[in-house]
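What follows is each chain in one-letter form.
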Amino acid sequence: QVQLVESGGGLVQPGGSLRLSCASSGSIFSFNAMGWYRQAPGKERELVAAITSGGGTNYADSVKGRFSIFKDNVRRTVSLQMNSLKPEDTAVYSCAARDLSASMFNSWGQGTQVTVSS
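Since the structure is predicted, the reported quantities are computational estimates derived from the model, not experimental observations. (Residues numbered from 1 in each chain as written. Predicted model: local features only at pLDDT ≥ 70, side-chain atom pairs only at ≥ 80, totals over all residues. Heavy atoms only, no water.)

Enquirer: Please explain the overall build of the protein as it appears in this structure.
Expert: Each helix and strand counted, the protein has zero helices and eleven strands in total. Its helices and strands taken in sequence order, the protein reads β-β-β-β-β-β-β-β-β-β-β from the N to the C terminus. Relative to a compact globule of 118 residues, whose C-alpha radius of gyration would be 13 Å, the protein shows 13 Å and is just as compact. A principal-axis box enclosing the C-alpha atoms of the protein has dimensions of 40 × 25 × 25 Å. When the 118 residues of the protein are sorted by exposure, 41% land in the buried category. (Helix = DSSP H or I, 4+ residues; strand = E, 2+ residues; numbered from the N terminus. Rg over C-alpha atoms; globule rule 2.2 N^0.38 Å. Buried < 20%, exposed > 50% of the residue type's maximum accessible area, 1.4 Å probe, protein only.)

Given below as structure tokens:
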């Protein structure tokens, strides 16, 4: 039972930066991909960024050029660096992982609140 725990959320001004971190209780090598989702009240959950076991990345169009996802295999963490934040980025951000041989993300963290406001 792998558990994912997010940290780094908080209040930031528009144009500011924030880094989210996701720590895995298990081996990061048990996943073929990890990523970050976000969900705002009244809206559907959206995949923001993902990184594969091979290091490939993909991003939602709304965050390309502003967000970066990276991982540390030794520390078993996956981070999301968010720059040039906008009020529209306000949401609960959740870490997600996809098990080996799985076609969908199937492990989730509890989420961390990110609020972008002046």
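Enquirer: Hey, could you run me through the side chain of Arg38 in this one?
Expert: Inspection of the secondary structure assignment puts Arg38 in strand β4 (residues 31–39). Within the local environment of Arg38, its side chain forms a polar contact with the side chain of Ser62, the two groups lying 3.3 Å apart. At 2.9 Å, the side chain of Arg38 and the side chain of Asp89 are in polar contact. When sequence neighbours within four positions are dropped, the list of residues in contact with Arg38 reads Glu44, Arg45, Glu46, Val48, Ser62, Val63, Phe67, Asp89, Ala91, Val92 and Tyr93. (Polar contact = N/O pair within 3.5 Å; in protein donor to acceptor, adjacent residues only side chain to side chain. Contact = heavy atoms within 4.5 Å.)

Enquirer: For this particular structure, what's the right way to read the packing of aromatic side chains?
Expert: For any two aromatic rings, the description comes down to two numbers: the centre-to-centre distance and the angle of the planes. Applying the stated criterion to the full structure yields two aromatic pairs. With a centroid separation of 5.7 Å and 85 degrees between ring planes, the pair formed by Tyr37 and Phe105 is classed as edge-to-face. Of this pair, Tyr37 sits in strand β4 while Phe105 sits in the loop between β9 (91–99) and β10 (107–108); the two residues are 68 residues apart in sequence, bridging distant segments of the chain. Both residues of the pair, Tyr37 and Phe105, belong to the buried class. Pairwise contacts between aromatic rings join Tyr37, Phe105 and Trp108 into one cluster. Across the ring face of Phe105, the terminal group of Arg98 is positioned such that the distance to the ring centre comes to 5.5 Å. (Phe/Tyr/Trp six-rings, centres within 6.5 Å; stacked < 30°, edge-to-face > 60°. Lys NZ or Arg CZ within 6 Å of the ring centre and 35° of its normal.)

Enquirer: How should the sheet that holds strand β1 (residues 4–7) be read in this particular structure?
Expert: Strand pairing within a sheet occurs via backbone hydrogen bonds; the two strands may be parallel or antiparallel. Read from one edge to the other, the open sheet built from four strands follows the order β1-β3-β8-β7, with strand pairing classed as antiparallel. If you trace the sheet from one side to the other, it starts and ends with β1 and β7 (67–72), each paired once. When strand polarity is set aside, the average angle formed by the axes of neighbouring strands in this sheet is 15 degrees. (Pairing = 2+ DSSP bridges. Axes fitted to C-alpha atoms, helices over the stretch in contact; angles between N-to-C directions.)

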